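Each chain, letter by letter, is given below.
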Amino acid sequence: MRTSERGRMDPSDEHTLDPDDWSAARAIAHRAVDEAIDHLARVRERPAWREPPAAVHAFFDAPLPQGATPLAQVYREWQDNVRPYPMGNIHPRFWAWFMGAGNFTGALADFLAAIDGSNLGGGHTAPALVDRQVVRWLREMVGFPEGASGTLTNGGSAANLVALTVARNVKAGVDVRAVGVTALPKPLRFYASDQVHSCHQKALEVLGLGHEALQLVATDAGHRIDLAALASAVVQDRARGLQPAAVIATAGTVNTGAVDDLRAVGAFCRREGLWFHVDGCIGALLRIAPAHRHLVAGIEAADSVALDPHKWLHAPFDVGCALVRDARAHHGSFALHPEYLEEHARGIASAPHLFDYGIELSRSFRALKVWMALKEHGVETFGRLIDQNIAQAQHLARRIAAEPRLELMAPVVTNIVCFRHRLPGADEAAHRGLNTEILLRVQESGLAVPTDTTLAGRHALRVAIANHRTRRADLDLLVDEVLRLGALLQNGAA
Ligand SMILES: Cc1ncc(COP(=O)(O)O)c(C=O)c1O
């Protein structure tokens, strides 16, 4: 439809969403690219986070647009109301939760993928070959054998869900796809440390097993799964008539970055006939980091692994990946070919359907951003950046250890540092109060974005450095600001 004619168009006219003036569209696109590059190049000059003001909230209360708005104006609205108030994870001092920092090539790839427009459900297309190649490369990074299968998902939660679905189906003792979980001969049990990510609870709820099927196991002083406690939980469950099915080991816990002893958990699973899953959303890619790959020794023996290229490969959101050693079991858990989705010997449907390995039928071309950035930088660069983040975490830990007013709250083995401001003689509630106020002031000032957590009942500030833009001086700034705010708040001068 021609914008200028929309109001008086004859209903029998044929419409299109293409611009009627390609050169005007080209000019806006060029401007958007120029401004995007400036935005990225000058990221350090902006606050790490900024609260969207009331006017911006009000802007998003506008009703459904009935008529047309020129693209130039829509772009301006985005510039004014969206661009200034992002999550901030591309900023060098963003260390919240656990997110990658994005990369320019990945962003360009997202644009190119959208222009290409392919649906990656399958089809005999080059984008599908890119998707399969990226899965093979990720498989190689974690050391899985040729023949293992995998699928790109929108993130780690979905990747874990895919893997746990296969585990459930393999260990069920009945054809769960046919008869459902109510026909299970015995209730299934999954085991994970008390540090496991909450997405596993959600996964077991979605899988119809209920979250009581997730047996949390105590951890040792290093926040790693306690193997003796794991063994006795399995024995007790068998005695209760339950069916131990799988152990979910964590390579990089979300609280402290701890890595379970994957070799020992794998050996235990083999002895006990249990599925060995590794949630490697944070740490599976340690395997490409020369100085730290030993931390995940044993991951290559897992039955399944979930990992997140949108974390330590810095792919712009979103992309996760599930890898499964037994490709037949993986395919058998999801494959479904109604008549309208049959494969053919020739033509567009003559390639393996990618939707046969997960729950999505329509899939985005998210593989391209991983593919282009890996080709541009090479896997060695990404490995070195992981080592760099861990060295930065150790630098931060040293600064904290050298400062009597600060307390390190957990061992630092990877890139997560938990600490807090001390309050001599005060109880836990007072510590939480002081440190929460410090946290919120740091966020609100835009200086940096750490988050917080609770470790064995003790509140801690948490810094997760999965960021290729962070420099040690950024971490020094944080320490100085925490100390400044701590002194200010204790003096009652706030
Ligand atoms: C250990 C772990 N597992 C799973 C997830 C969930 O991943 P996603 O946010 O990509 O769904 C996360 C997220 O940070 C995580 O840290």
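Colleague: Just give me the short version of the overall build of the chain, but keep the residues and values in it.
Modeller: Summing up its helical and strand segments, the chain has 16 helices and 11 strands in all. Relative to the compact-globule value of 23 Å for 494 residues, the chain shows a C-alpha radius of gyration of 25 Å, a close match. Seen along its three principal axes, the alpha-carbon backbone of the chain occupies a region of about 75 × 65 × 40 Å. Out of the 494 residues belonging to the chain, those deemed buried represent 49%. Accessible surface, the chain: about 23100 Å² in total, of which carbon and sulfur atoms supply 54%. Counting 51 positive and 55 negative side-chain charges, the chain places the averaged centre of each group 5 Å from the other.

Colleague: Report on the sheet that holds strand E10 (residues 451–455), specifying residues and quantitative values.
Modeller: Spatially, 4 strands are ordered E8-E9-E11-E10 in an open sheet, and the strand pairing comes out antiparallel. On the outer flanks of this sheet lie strand E8 (406–408) and E10, each paired with one strand and no other. The mean inter-strand angle of the sheet, taken between neighbouring strand axes irrespective of direction, is 40°. Against the sheet, helix H15 (residues 428–445) touches strand E9 (416–421), E10 and strand E11 (458–464), its axis set at about 25° to E11.

Colleague: I'd like a rundown of the packing of aromatic side chains, residues and numbers included.
Modeller: According to the stated counting rule, one finds 3 aromatic pairs in the structure shown. Arranged with centres 5.8 Å apart and planes meeting at 90°, the rings of Phe 98 and Trp 312 form a pair that is edge-to-face. Highlighted residues: Phe 98 in the loop between helix H3 (71–81) and helix H4 (104–116) and Trp 312 in helix H11 (residues 309–312), separated in sequence by 214 residues. Over the ring of Phe 144 we find Arg 325, and its NZ or CZ is 4.9 Å from the ring centre.

Colleague: I'd like a description of the sheet that holds strand E2 (residues 188–193), backed by residues and values.
Modeller: The strands that make up a sheet pair up through hydrogen bonds in the backbone, lying either parallel or antiparallel. Pairing within the open sheet is mixed, and its 7 strands lie in the order E1-E7-E6-E5-E4-E2-E3. Of all strands in the sheet, those bounded by a partner on one side alone are strand E1 (149–153) and strand E3 (214–217). Between one strand axis and the next, the sheet turns through 20° on average, direction left out of account. Sheet analysis places E2 next to E3, joined by 4 bridges and oriented parallel.

Colleague: Summarise helix H5 (residues 126–142); cite the residues concerned and give the values.
Modeller: In a regular helix each residue adds 1.5 Å, so 17 residues correspond to 24 Å; H5 covers 25 Å between its end C-alpha atoms and thus fits that length. Residues Pro 127, Ala 128, Val 130, Asp 131, Val 134, Val 135, Leu 138, Arg 139, Met 141 and Val 142 constitute the buried set of H5. N-cap assignment for H5: the residue whose side-chain oxygen lies 3.1 Å from the backbone N of Ala 128 is Thr 125. Two residues or fewer past H5, Gly 143 is found with a positive phi of approximately 80°.

Colleague: Help me get a handle on the side chain of His 292, residues and values and all.
Modeller: Along the chain, His 292 turns up in the loop between strand E5 (275–279) and strand E6 (304–307). Residue His 292 is classed as buried on the basis of its relative accessible area of 13%. When sequence neighbours within four positions are dropped, the list of residues in contact with His 292 reads Leu 286, Asp 387, Ile 390 and Gln 394.

Colleague: Talk me through the site of the ligand; I want residue IDs and the actual numbers.
Modeller: The local shell around the ligand holds 14 residues, among which Gly 156, Ser 157, Asp 279, Asp 308 and His 310 are the closest. Here an oxygen atom of the ligand and a side-chain polar atom of Ser 157 are 2.6 Å apart. A distance of 3.2 Å is found between an oxygen atom of the ligand and a side-chain nitrogen or oxygen belonging to Lys 311. Bound to the protein, the ligand loses 85% of the 390 Å² it would expose on its own. Elements supplying a minimum of two residues to the shell around the ligand: helix H6 (156–171) and H11. Ranked by the residues each element gives to the shell around the ligand, the list is headed by H6, at 3 residues. Taken together, the residues that form the shell around the ligand break down as 4 nonpolar, 7 polar and 3 charged.

Colleague: I'd like a description of unusual backbone geometry, backed by residues and values.
Modeller: Omega for the bond connecting Phe 317 with Asp 318 falls within 30 degrees of zero, at 5°, which places this linkage in the cis form. The phi dihedral of Trp 97 falls on the positive side, at around 40°, and the residue is not glycine. With respect to the helices and strands, the residue Trp 97 is situated in the loop between H3 and H4. Positive phi, normally seen in glycine, also occurs at His 223, with a value near 65°. Considering the arrangement of structural elements, one finds His 223 in the loop between E3 and helix H9 (227–239). When its relative accessible area of 13% is taken as the criterion, His 223 is described as buried.

Cut-offs and rules
- Numbering of residues begins from 1 in every chain and follows the order in which that chain's sequence is written.
- Under the rules for a predicted model, residues below a pLDDT of 70 receive no local features and side-chain atom pairs below 80 are neither given nor counted, while totals for whole chains, interfaces and linings still include all residues.
- Heavy atoms from the whole structure form the basis of all side-chain values; hydrogens and water molecules are not counted.
- The secondary structure listing takes helices from DSSP runs of H or I that are at least 4 residues long and strands from runs of E that are at least 2 residues long, numbered from the N terminus.
- Radius of gyration means the value over C-alpha atoms here, while the globule rule gives 2.2 Å times the residue count to the 0.38 power.
- Buried residues are those whose accessible area, probed at 1.4 Å on protein chains only, stays under 20% of the maximum for their type, while exposed residues exceed 50% and partly exposed ones sit between those limits.
- Residue exposure ignores everything except the shown protein chains as possible cover, and the areas themselves are Shrake-Rupley values with a 1.4 Å probe.
- In this tally, Lys and Arg are treated as positive and Asp and Glu as negative; His is ignored, and so are the chain termini.
- Charge positions come from single atoms, namely NZ of Lys, CZ of Arg, CG of Asp or CD of Glu.
- Pairing between two strands is assigned when DSSP locates at least 2 bridges connecting them.
- Between the N-to-C directions of two axes lies an angle of 0 to 180 degrees, each axis being a line fitted to C-alpha atoms and, for a helix, fitted only over the stretch in contact.
- Residues count as neighbours in contact if any of their non-hydrogen atoms are within 4.5 Å of one another.
- Pairing of aromatic side chains here covers Phe, Tyr and the six-membered ring of Trp, requires ring centres within 6.5 Å, and sorts the geometry by plane angle: under 30 degrees stacked, over 60 edge-to-face, intermediate tilted.
- For a ring to carry a charge above it, either NZ of a lysine or CZ of an arginine must fall within 6 Å of the ring centroid while also lying within 35 degrees of the normal to the ring plane.
- An expected span of 1.5 Å times one less than the residue number is assigned to each helix.
- Polar contact criterion, stated in full: a pair of N or O atoms within 3.5 Å, where within protein one must be able to donate a hydrogen and the other to accept it, and residues adjacent in sequence count only if both atoms are side-chain atoms.
- Residues are counted as near a molecule or strand when any one of their heavy atoms sits within 4 Å of it.
- Note on residue classes: Ala, Val, Leu, Ile, Met, Phe, Trp, Tyr, Cys and Pro are nonpolar, Asp, Glu, Lys and Arg are charged, and everything else, Gly too, is polar.

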